[in-house]
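Architecture and fold: a report
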Amino acid sequence: MNKNGKSFNAYFIAILILLFATFAISLMGEKDDSYTKAELVNDLKEGNVSQAVIQPNNETPTGAVRVTLKDGQIRVVYVSDVKDAETLLAQYHIDPVMKNVPKENWFISSMLPMLIVLIIGVFFFVMMNAQNAGGGGGKMANFGKSRARLSIGDGKITLKEVAGLKEEKEELEEIVEFLKEPAKFTKVGARIPKGVLLEGPPGTGKTLLAKAIAGEANVPFFSISGSDFVEMFVGVGASRVRDLFQDAKKNSPCIVFIDEIDAVARRRGTGMGGGHDEREQTLNQLLVEMDGFGVNEGIIVMAATNRVDILDPAILRPGRFDRKISVGAPDVGGREDILKLHARNKPLSDDVDLKQIAQTTAGFTGADLENLLNEAAIIAAKEDRNYIRQEDIKKAFVKVGIGSEKKSRIISDQEKKITAYHEAGHAILFHVLPDMDPVYTVSIIPTGVGAAGYTMPLPERDDMFRTKNRMKQDIMVSLGGRIAEELIFGSDDITTGASSDIKKATKVARKMVTRFGMSENIGVINYDDDDDEVFIGRDLAHTRSHSEAVAGAIDEEVKGIIDECYRKAKEKIEEHMDILHSCAALLIEKEKITRDEFEALFEKEKGDVAED
Ligand code: ADP
Ligand code: MG
Ligand code: ZN
């Protein structure tokens, strides 16, 4: 314990020094409240400005305008042309003081290197100490102890730090309420979920969201990463889980956060050979702990993963992670909010258009956007500028985009347009076909699993049987994406994006013929040998129980059904070309539209017809 305390102190000092350094550096940079040009114009109009200083940069004509307001506040706005600024000020009869192009700052040239050397020196000193304190026997003795990091929610990271993700935040609101005041819920016998699983691609803000919940509710936050559990000695992971929950129980209400839970909670029994024993034990212990505490003990277990598909189903059972929240890549609006948030402490030139950047970064996650602005800041710093220009962000864009091609592919306007028409095609058929569920969302935000977009129906009924008609409509909806592409771009420019749609349509059609006896000529006989059993090499070992002739007839029937559905679906879409265009346009603008927004398009069409 003593040893721990000592190393804790050492870290504390290191952090203090770092903080001091950041402070010193930020003093050096011009760190007055930044200000936009629009705000300046507004203040000028209202006669709020008493004085102005124009300071051109090394690379004229850019520069900074420092204004003193009537109430004594000083504001800085970075402008792309100081001459323009001068004219602007003159219009309002302000005579600016011109400063010379700055010579090199004495502080940067002489003091900064010394300061950096000093910081590094002290940092090393502290690190050495920390290592001595924790090394040797100390490390061994602590082996089985929970390595969870505890951070008391001191309100540092709150939901304000999480931009976009509106729906996700709303869903988590009640958890915050509960943690703030558990009694309020237990009094009326309300049951609050024990476990919340955040699921989504990397960099979308899952970890951030979990921290923010703790910060917002101001409760302790115990976090551990799944990869920490995977140790070489059997039994260590399980004992860490036990310790973690023990600590949590002493500190309730609190949040236990298990990051990258897929590292421990993979489907059991899928490992090859040995080596997964340890993981299984850890997972078992985790399940035991989660079942072990009562519903309203004030512990919320949160976990994050980007591979929900490989999780052991046991983890999703009621009483465990019974709430699943998907955290997706942000839409245009979300991206703009995230950019704004991360631009807060970065001085931007007045030519920076965050909205425009948001529009060109479809598929970027929060982490990508943060990275983008950071790269832009580095580019600005390299050029000895203390503010960021649009140009820097454009350069950073190329760097970030090409550097991590697979992660966040930059989507061209043409691709976006094709996807928009494709999804609009699906959506229209969902809406106009009688047996289909209404559309819940239509999105062209890439999902990261190979789909360029999705159209999600809202299941209204839970039907046991599907009629022949309904199955045909399923096929029509699946084909709608490709049909829309063909109608708009011509049959030479159709894309490979519809392959899974085609596969799905074919599967349904084949089932109709071989399993449900819904064809003209095949009759009511089951020719479907595939009893949904999954094992590798199935297709190789496949033995058919019917003749070549029957197989040929089946193929013909399947083709007949698909062709008929294709023709009907095309007719339906052609009846609604206006909506196809307006829906695609709306998708290109917003990237994600709701049921109401989608259905409003049809209302409008009706209105237009009535007027004629
Ligand atoms: P995940 O856990 O989903 O992989 P993180 O929470 O670690 O992603 O996000 C990494 C970083 O990306 C965050 O620290 C933050 O700077 C930025 N970020 C991601 N999403 C958002 C968001 N919605 N709002 C603000 N910043 C975000
Ligand atoms: Mg994370
Ligand atoms: Zn599709």
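Let us look at the structure shown here. The shown structure was predicted, so the numbers you read here are calculated from the model rather than taken from an experiment. Within every chain, residues take consecutive numbers counted from 1 along the sequence as written. As a convention, the first chain written is A and the first ligand written is 1, with the rest following in written order. Reporting of local features is limited, given that this is a predicted model, to residues whose pLDDT is at least 70; pairs of side-chain atoms are given and counted only at 80 or more, and all residues count toward the totals for whole chains, interfaces and linings. Hydrogen atoms and water are omitted, and side-chain values are computed over all heavy atoms in the structure.

1. Comments concerning the overall build of the protein
- Counting from the N terminus, the helices are the DSSP runs of H or I reaching at least four residues and the strands are the DSSP runs of E reaching at least two. A count of helical and extended segments in the protein gives 21 helices and 14 strands.
- Here the term buried applies to any residue with accessible area under 20% of the maximum for its type, exposed to any over 50%, and partly exposed to those in between, with areas from a 1.4 Å probe on protein chains only. Of all 612 residues assigned to the protein, the portion counted as buried reaches 42%.
- Any two residues having at least one pair of non-hydrogen atoms within 4.5 Å are treated as being in contact. Partitioning the intrachain contacts of the protein with sequence separation of at least 6 by distance along the chain shows that 74% fall at a separation of at least 24.
- As displayed, the protein has an accessible area near 33600 Å², and 55% of this comes from carbon and sulfur atoms. Accessible surface area values rest on a Shrake-Rupley calculation with a 1.4 Å probe, where residue burial reflects the displayed protein chains alone.

2. Observations regarding the coordination of the zinc ion (ligand 3)
- Protein-derived ligands of the zinc ion (ligand 3) are His422 (NE2), His426 (NE2) and Asp501 (OD), with the metal-ligand distances lying across 2.0 to 2.1 Å.
- By relative accessible area, which is 7% here, His426 ends up buried.
- For Asp501, a relative accessible area of 14% corresponds to the buried category. Here the coordinating atoms are restricted to nitrogen, oxygen and sulfur within 2.8 Å of the metal centre, or 3.2 Å for Na, K and Ca, and because water is not among them the sites may look incomplete.

3. Examining the nonpolar core
- Judged by nonpolar contacts, the single largest core of 46 residues is most densely connected at Ile475 and Phe598.
- Looking at this core, the elements with two or more residues in it are helix 16 (413-432), strand 12 (439-443), helix 17 (468-489), helix 18 (499-514), helix 19 (548-575), helix 20 (577-590) and helix 21 (595-611).
- What is meant by a nonpolar core is a set of buried Ala, Val, Leu, Ile, Met, Phe, Trp, Tyr and Cys residues, joined one to another through side-chain atoms within 4.5 Å. Formed by 27 residues, the second largest nonpolar core is a distinct cluster that contains Phe178, Phe185, Ala210 and Ala214.

4. Observations concerning the pattern of salt bridges
- Any carboxyl oxygen of Asp or Glu within 4 Å of a side-chain nitrogen of Lys or Arg constitutes a salt bridge here. Taken as a whole and assessed by the stated rule, the structure comprises 18 salt bridges.
- When the shortest N-O distance is used, the salt bridge between Glu591 and Lys416 registers 3.2 Å. Of this pair, Glu591 sits in the loop between helix 20 and strand 14 (592-594) while Lys416 is found in helix 16, placing the two residues 175 residues apart along the sequence.
- Looking at Glu591, the relative accessible area reads 1%, which means it is buried.
- On the accessibility criterion, Lys416 (10% relative accessible area) is buried.
- The partner of Lys590 in a salt bridge is Glu597, and the shortest N-O contact between them spans 2.5 Å.
- Counted as one network, the salt bridges with shared partners bring together Glu383, Arg385, Asp392 and Lys395.

5. Description of the packing of helix 16 against helix 17
- Two numbers describe how helix 16 lies on helix 17: the axes approach to 7 Å, and their chain directions differ by 135 degrees. Between helix 16 and helix 17, the crossing angle belongs to the class labelled oblique. Helix-helix and strand crossings are classified by hand; for helix 16 and helix 17 the assignment is right-handed. Of helix 17, the residues touching helix 16 (which contributes Gln414, Lys417, Ile418, Tyr421, His422, Gly425, His426, Leu429 and Phe430) are Met476, Val477, Ser478, Gly480, Gly481, Arg482, Ala484, Glu485, Ile488 and Phe489. Helix axes are fitted only over the stretch in contact, all axes being lines through C-alpha atoms; the angle between N-to-C directions runs from 0 to 180 degrees. Note on terminology: angles under 35 degrees are roughly parallel, angles over 145 are roughly antiparallel, angles of 65 to 115 are roughly perpendicular, and the others are oblique. Less than a right angle of anticlockwise turn of the near helix away from the far helix marks a crossing as left-handed, whereas a clockwise turn marks it as right-handed.

6. A few points about helix 19
- Helix length check: helix 19 (28 residues) gives 41 Å between terminal C-alpha atoms against 40 Å at 1.5 Å per residue, within 8%.
- The inward-facing, buried residues of helix 19 abut helix 16, helix 17, helix 18 and helix 20. A helix's residues, less one, multiplied by 1.5 Å, set its expected span.

7. Topic: the pairing of strand 2 (residues 49-56)
- In terms of burial, strand 2 is largely enclosed, as 6 of its 8 residues are buried.
- Relative to strand 3 (residues 63-69), strand 2 runs antiparallel, the two sharing 7 bridges. Paired with Ile54 across the strands is Val65, a residue of strand 3.
- A pair of strands is considered paired only if DSSP assigns at least 2 bridges between the two. Pairing analysis gives 2 bridges linking strand 2 to strand 5 (residues 97-98), with the strands arranged parallel. Along strand 5, the bridge assignment pairs Ile54 with Met98.

8. A look at the site of ligand 1
- Summary of the distance rule: residues count as near a molecule or strand when at least one heavy atom falls within 4 Å of that molecule or strand. Taken together, the neighbourhood of ligand 1 is formed by 17 residues, with Ala163, Gly203, Lys206, Thr207 and Leu208 sitting nearest.
- Think of a polar contact as two N or O atoms within 3.5 Å of one another; within protein, one of them needs to be a possible hydrogen donor and the other a possible acceptor, and neighboring residues in sequence only count if both atoms come from side chains. The backbone of Gly203 places a nitrogen or oxygen atom 2.7 Å from an oxygen atom of ligand 1.
- In this structure, an oxygen atom belonging to ligand 1 sits 3.3 Å away from a main-chain N or O atom of Thr204.
- In the complex, the protein chains occlude 79% of the 560 Å² of accessible area that ligand 1 would expose alone.
- A breakdown of the residues in the shell around ligand 1 according to their chemical character gives 8 nonpolar, 6 polar and 3 charged. Residues are grouped as follows: Ala, Val, Leu, Ile, Met, Phe, Trp, Tyr, Cys and Pro are nonpolar; Asp, Glu, Lys and Arg are charged; all remaining types, including Gly, are polar.

9. A word on the environment of Phe221
- By secondary structure assignment, the location of Phe221 is in strand 8 (residues 221-225).
- Judged by its relative accessible area of 4%, Phe221 falls in the buried class.

10. Observations concerning the side chain of Gln390
- You can see Gln390 is positioned in helix 15 (residues 390-403).
- Here Gln390 falls in the buried class, since its relative accessible area comes to 10%.
- Apart from residues lying up to four places away in sequence, Gln390 is in contact with Asp351, Val352, Asp353, Gln356 and Ile357.

11. Some remarks on the packing of aromatic side chains
- Each pair of aromatic rings taken from Phe, Tyr and Trp, with Trp reduced to its six-membered ring, is defined by centres within 6.5 Å and is described as stacked if the planes are under 30 degrees apart, edge-to-face if over 60, and tilted in the remaining cases. According to the stated counting rule, one finds 5 aromatic pairs in the structure shown.
- Judged by centre distance (5.1 Å) and plane angle (15 degrees), the rings of Tyr78 and Tyr387 are stacked. In this pair, Tyr78 is assigned in strand 4 (residues 74-79) and Tyr387 in the loop between helix 14 (366-382) and helix 15, connecting sequence segments 309 residues apart.
- The exposure class of Tyr78 is buried, given its relative accessible area of 3%.
- Residue Tyr387 is classed as buried on the basis of its relative accessible area of 1%.
- Positioned over the ring face of Tyr387 is Arg385, at 5.6 Å from the centre of the ring. Each ring is checked for a lysine NZ or an arginine CZ that lies within 6 Å of its centre and within 35 degrees of its normal; such an atom marks a charge sitting over the ring.

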